[in-house]
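# Chain and residue survey
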Number of protein chains: 2
Amino acid sequence: MTKKYHVAVLGATGAVGEQMIRTLERRNFPVEQLTLLSSARSAGKEITAFGKTHIVKEAKPDSFEHVDIALFSAGGSISKQFAPEAVKRGAVVVDNTSAFRMDKGTPLVVPEVNEADIKEHQGIIANPNCSTIQMVAALEPIRQKFGLTKIIVSTYQAVSGAGAQAIEELRTQNEAYLKGEELIANILPCGSDKKHYPLAYNAIPQIDKFTPNGYTFEEMKMINETKKIMHDDSLQVAATCVRIPVDMGHSESVYIEVEASGVTVEEIRNVFVNAPGVILQDNPDEQLYPMASTAKGKFEVFVGRIRKDLNEDRGFHLWIVSDNLLKGAAWNSVQIAESLIQLKLV
Amino acid sequence: MTKKYHVAVLGATGAVGEQMIRTLERRNFPVEQLTLLSSARSAGKEITAFGKTHIVKEAKPDSFEHVDIALFSAGGSISKQFAPEAVKRGAVVVDNTSAFRMDKGTPLVVPEVNEADIKEHQGIIANPNCSTIQMVAALEPIRQKFGLTKIIVSTYQAVSGAGAQAIEELRTQNEAYLKGEELIANILPCGSDKKHYPLAYNAIPQIDKFTPNGYTFEEMKMINETKKIMHDDSLQVAATCVRIPVDMGHSESVYIEVEASGVTVEEIRNVFVNAPGVILQDNPDEQLYPMASTAKGKFEVFVGRIRKDLNEDRGFHLWIVSDNLLKGAAWNSVQIAESLIQLKLV
């Protein structure tokens, strides 16, 4: 008989939390007991999972008694408050916030890239930023075969990355647009920032707040997390992060330079034939390329529009798309939990 | 008394044609007589311009008799058919299609960059691609001061670039989405291509058809036109062109490398203080940056999010936005017409 686990989901009523529960179901995860947790505000809600109705409880330190695996996605400050409590009680925390990602003792893991890092965990394993995950998953097979020296990425990010309220805000704006009414913005681009702009029929070049160097936190996450996951501080990474009026699915226009010279587009395409978790969708003659609309609901990362740069022999352009709530969040977290089981770390 | 001109607009009922007429009005262009032309299908429509009702006539070779300036925006094949006829009859044609852009004898003009090229015209002056225009207008002041060696651009293009029917298709898809109905696509990404995909809540990495090298025509236009306008064949240009669900306003995430070393962000910002037709919107503390929603209806090109690359001393990132139907099409065409008058070439 397979061992079964007591799994807790903190942030169960959020956009990512909901997908974590659905992903546990889709993967038929060996759940012995499921504990759904949230803030006091959302506690009491009912959620059906694994055929049973669960009542969401307010998270407290002793909520984590006897929990084996805790999936956190309730914001950075909540993670900082509860992750130590959960670890103290013997749980392994897979944290989807940015609270611990860059901490020296915390592995930052995309299983297709650095699964072995999980072994170093001291109770917390961090799930990277959504935009980072799909990019490194797609680039890792190229890096392994041809080396990788430079990444310049521009993102086309879905509103679901900003949470359930932001999804609703975009919908309301679209309704207003169609009626010829004024578009109201209270959340986007960033709930905790001063100004808000309509996203409907717009593109907003701000995700998260600005850091003092003029880059946003989202951009700096992509830069720093990529280096940490790929274990390469010399890797040159630049990012411009942009929100567009899409509900699900982040797209990325990525320019890379490989270490090897003389590599062909066909050779780049070939690295994806057996790449774990990555699907090649690249046939211009058939207008086949990844899109947010076709990646929605899928666990994989999709890669296409692979072209050699017309000037740089070592330069290539790619278009990378994935469901930001799944591979970008819920699925990557559950995948880490599956790795924990497979590596007998839980 | 100022001299006045007989101006013809070919494609008067299209999305760009309509803006050409409004732009002539907004600029109080010295129009003696206005002739509005279209295909047989759209002929007979009434359009009010300069306070008078005009009936749109079917374009025929002799429609251009006594015309001084003809603004063309009715598709490449129509331009190929009628531009020689108009020129034969003494008109100067400002052509907004790709029909003549790369021809050796045809100046390809963005007045802020290469107004003097107009003097070389042999009857036809080409208006560049919308995505190219705003990019070169914004980069020219940088190039003049610090030199320019490399451009890598990813675009976020509005649906209006694909015409009035595509605007309507996106609206219909948004309505269907809100009702939970299936999204129907018959035009986008490219009316003349085989397959069509919904743009609502999506990002489509295809604009125009694919060329044999895996780049789209839109991408190759940006690459080739930029070199021609800037008179620099050694300039390295790469482009990824993407359609997003925005009605008006193209946005561009642009990475550049300048020739000079040690240039600061402040120095880059300063080149825009007196740059013609370009407005700097760049203050992270105030969340000030260009957006499609705020560029809509404006003639200028807006630049912000200027950051120095964290690795390349000569590398900078910028975010460039402009109304694709105005500076990207109608206004640039009218601006060329104004230059023709100012240079006494008409």
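## A closer look at helix H4 (residues 130-146) of chain A
Residues and elements named next belong to chain A. Taking 1.5 Å per residue, 17 residues should reach 24 Å; H4 reaches 25 Å between its end C-alpha atoms and fits that length. If you look at H4, its biggest bend is around 35°, right at Leu139, and the proline Pro141 turns up within four residues after that. A large share of H4 lies buried, amounting to 14 of its 17 residues. Regarding H4, its N-cap is Asn129, as a side-chain oxygen of that residue lies 3.0 Å from the backbone nitrogen of Ser131 further along. Immediately downstream of H4, the backbone of Gly147 shows phi near 75°, a positive value.

## A look at the sheet that holds strand S8 (residues 124-126) of chain B
Residues and elements named next belong to chain B. If you walk across this open sheet you meet the six strands as S5-S2-S1-S6-S7-S8, and the pairing is parallel. Only two strands of the sheet have a single neighbouring strand rather than two, namely strand S5 (57-58) and S8. Two elements, strand S6 (residues 69-72) and strand S7 (residues 92-95), share four bridges in a ladder whose sense is parallel. Paired with Ala70 across the strands is Val93, a residue of S7. Running at roughly 155° to strand S1 (residues 5-10), helix H1 (residues 15-26) makes contact with S1, strand S2 (31-38) and S6 of the sheet. Sitting on the sheet, helix H9 (residues 326-342) is in contact with S1, S6, S7 and S8, with an inclination near 150° to S7.

## Remarks on the relation of the copies chain A and chain B
Its rotation angle being 180°, the transformation that places chain A on chain B also includes 0.0 Å of axial translation and leaves an RMSD of 0.0 Å. Given the turn and translation reported, the copies of this chain are related as if by a two-fold rotation axis. Both copies contact each other with a shared surface, as 100% of the interface residues of chain A are interface residues in chain B too.

## Details of helix H6 (residues 217-229) of chain B
Taking 1.5 Å as the rise per residue, H6 of chain B with 13 residues should run 18 Å; its terminal C-alpha atoms sit 17 Å apart, in good agreement. Most of H6 of chain B is tucked away: ten of the 13 residues are buried. If you check which residues of H6 of chain B are buried, you get Glu218, Glu219, Met220, Lys221, Met222, Ile223, Glu225, Thr226, Lys227 and Ile229 of chain B. The secondary structure elements touched by the buried residues of H6 of chain B are strand S13 (301-308) of chain A together with helix H3 (111-114), helix H4 (130-146), strand S9 (150-156), strand S10 (236-240) and strand S11 (250-257) of chain B.

## A few points about the interface of chain A and chain B
Facing the 62 residues of chain A at the interface are 62 residues of chain B. When chain A packs against chain B, the two sides together hide about 5,600 Å² of surface, and 53% of this comes from carbon and sulfur. For the chain A face of the interface with chain B, the top three residues by lost area are Leu178, Tyr201 and Gln287 of chain A, together amounting to 13%. The interface formed by chain A and chain B holds eight salt bridges in total. Here Lys150 of chain B makes a salt bridge to Glu312 of chain A, at a shortest N to O gap of 2.8 Å. Where chain A touches chain B, the interface holds 44 residue pairs in polar contact (both at pLDDT 80 or more).

## Comments concerning the packing of H4 of chain A against helix H9 (residues 326-342) of chain A
Residue and element names in this part refer to chain A. Orientation of H4 relative to H9, taken along the N-to-C sense of each, is 85°, at an axis distance of 8 Å. The angle between the axes of H4 and H9 places the two elements in the roughly perpendicular class. Counting all contacts with H4, which are made through Cys130, Ile133 and Ala137, the residues of H9 involved are Lys327, Gly328, Ala329 and Asn332.

## As for the pattern of salt bridges
This structure, assessed with the given rule, holds 40 salt bridges over all chains. Note that Lys195 of chain A is salt-bridged to Glu286 of chain B, the shortest N-O span being 3.5 Å. With one member in each of two chains, Lys195 of chain A in the loop between helix H5 (164-179) and helix H6 (217-229) and Glu286 of chain B in the loop between strand S12 (278-280) and helix H8 (292-295) form a pair that bridges those chains. Judged by its relative accessible area of 35%, Lys195 of chain A is partly exposed. Because the salt bridges share partners, they merge into one network encompassing Glu65, Glu85, Lys88 and Arg89 of chain A.

## As for the pairing of strand S7 (residues 92-95) of chain A
All names here are of chain A. Residues Val92 and Val94 point to one face of S7 and Val93 and Asp95 to the other, with burial holding for every one of them. The parallel pair strand S6 (residues 69-72) and S7, bridged by helix H2 (residues 76-88), forms a crossover whose chirality is right-handed. Bridge count for S7 against strand S8 (residues 124-126) is three bridges, and the pairing is parallel. Within S8, the position partnered with Asp95 by the bridge is Ala126.

## Some remarks on the side chain of Ser322 of chain A
Residues and elements named next belong to chain A. Mapped onto the fold, Ser322 is located in strand S14 (residues 315-322). A polar contact of 3.0 Å, which involves the side chain of Ser322, links it to the backbone oxygen of Glu300. Once residues within four sequence positions are removed from consideration, Ser322 is found in contact with Gln134, Gly249, His250, Ala295, Glu300, Val301 and Lys327.

## Looking at the sheet that holds S14 of chain A
All names here are of chain A. Spatially, six strands are ordered S10-S9-S11-S14-S13-S12 in an open sheet, and the strand pairing comes out mixed. Two strands lie at the open edges of the sheet, namely strand S10 (236-240) and strand S12 (278-280), each paired on one side alone. For this sheet, the mean angle separating the axes of adjacent strands, direction not counted, is 25°. Alignment of strand S9 (residues 150-156) against strand S11 (residues 250-257), held across seven bridges, turns out to be antiparallel. Paired with Ile152 across the two strands is Tyr255, which belongs to S11.

## Considerations on the environment of Thr23 of chain B
Residues and elements named next belong to chain B. Examined against the element boundaries, Thr23 turns out to sit in helix H1. Along the backbone, Thr23 and Asn332 are 309 residues apart, and their C-alpha atoms lie at a distance of 9.7 Å. Among all residues touching Thr23, those that are not within four sequence positions of it are Phe299, Leu326, Ala330, Trp331 and Val334.

## As for unusual backbone geometry
Cis geometry marks the peptide bond from Leu188 of chain A to Pro189 of chain A, where omega comes out at 5°. Among the structural elements, Pro189 of chain A can be located in the loop between H5 and H6. Notably, His231 of chain B is not glycine yet its phi reads approximately 55°, a positive angle. Structurally, His231 of chain B is set in the loop between H6 and S10. The exposure class of His231 of chain B is exposed, given its relative accessible area of 54%. Notably, Lys344 of chain B is not glycine yet its phi reads approximately 55°, a positive angle. The class of Lys344 of chain B is exposed, set by a relative accessible area of 72%.

The rules behind the values
- Residues numbered from 1 in each chain as written.
- Chains lettered and ligands numbered in written order.
- Predicted model: local features only at pLDDT ≥ 70, side-chain atom pairs only at ≥ 80, totals over all residues.
- Heavy atoms only, no water.
- Helix = DSSP H or I, 4+ residues; strand = E, 2+ residues; numbered from the N terminus.
- Expected span 1.5 Å × (residues − 1).
- Bend = angle between axes of the 7 residues up to and from the residue.
- Buried < 20%, exposed > 50% of the residue type's maximum accessible area, 1.4 Å probe, protein only.
- Polar contact = N/O pair within 3.5 Å; in protein donor to acceptor, adjacent residues only side chain to side chain.
- Pairing = 2+ DSSP bridges.
- Contact = heavy atoms within 4.5 Å.
- Axes fitted to C-alpha atoms, helices over the stretch in contact; angles between N-to-C directions.
- Least-squares fit on C-alpha atoms with pLDDT ≥ 70 in both.
- Buried area = accessible area lost by both parts, 1.4 Å probe.
- Salt bridge = Lys/Arg side-chain N within 4 Å of Asp/Glu carboxyl O.
- Parallel < 35°, antiparallel > 145°, perpendicular 65-115°, else oblique.
- Right-handed = clockwise from strand over helix to strand, strands pointing away.

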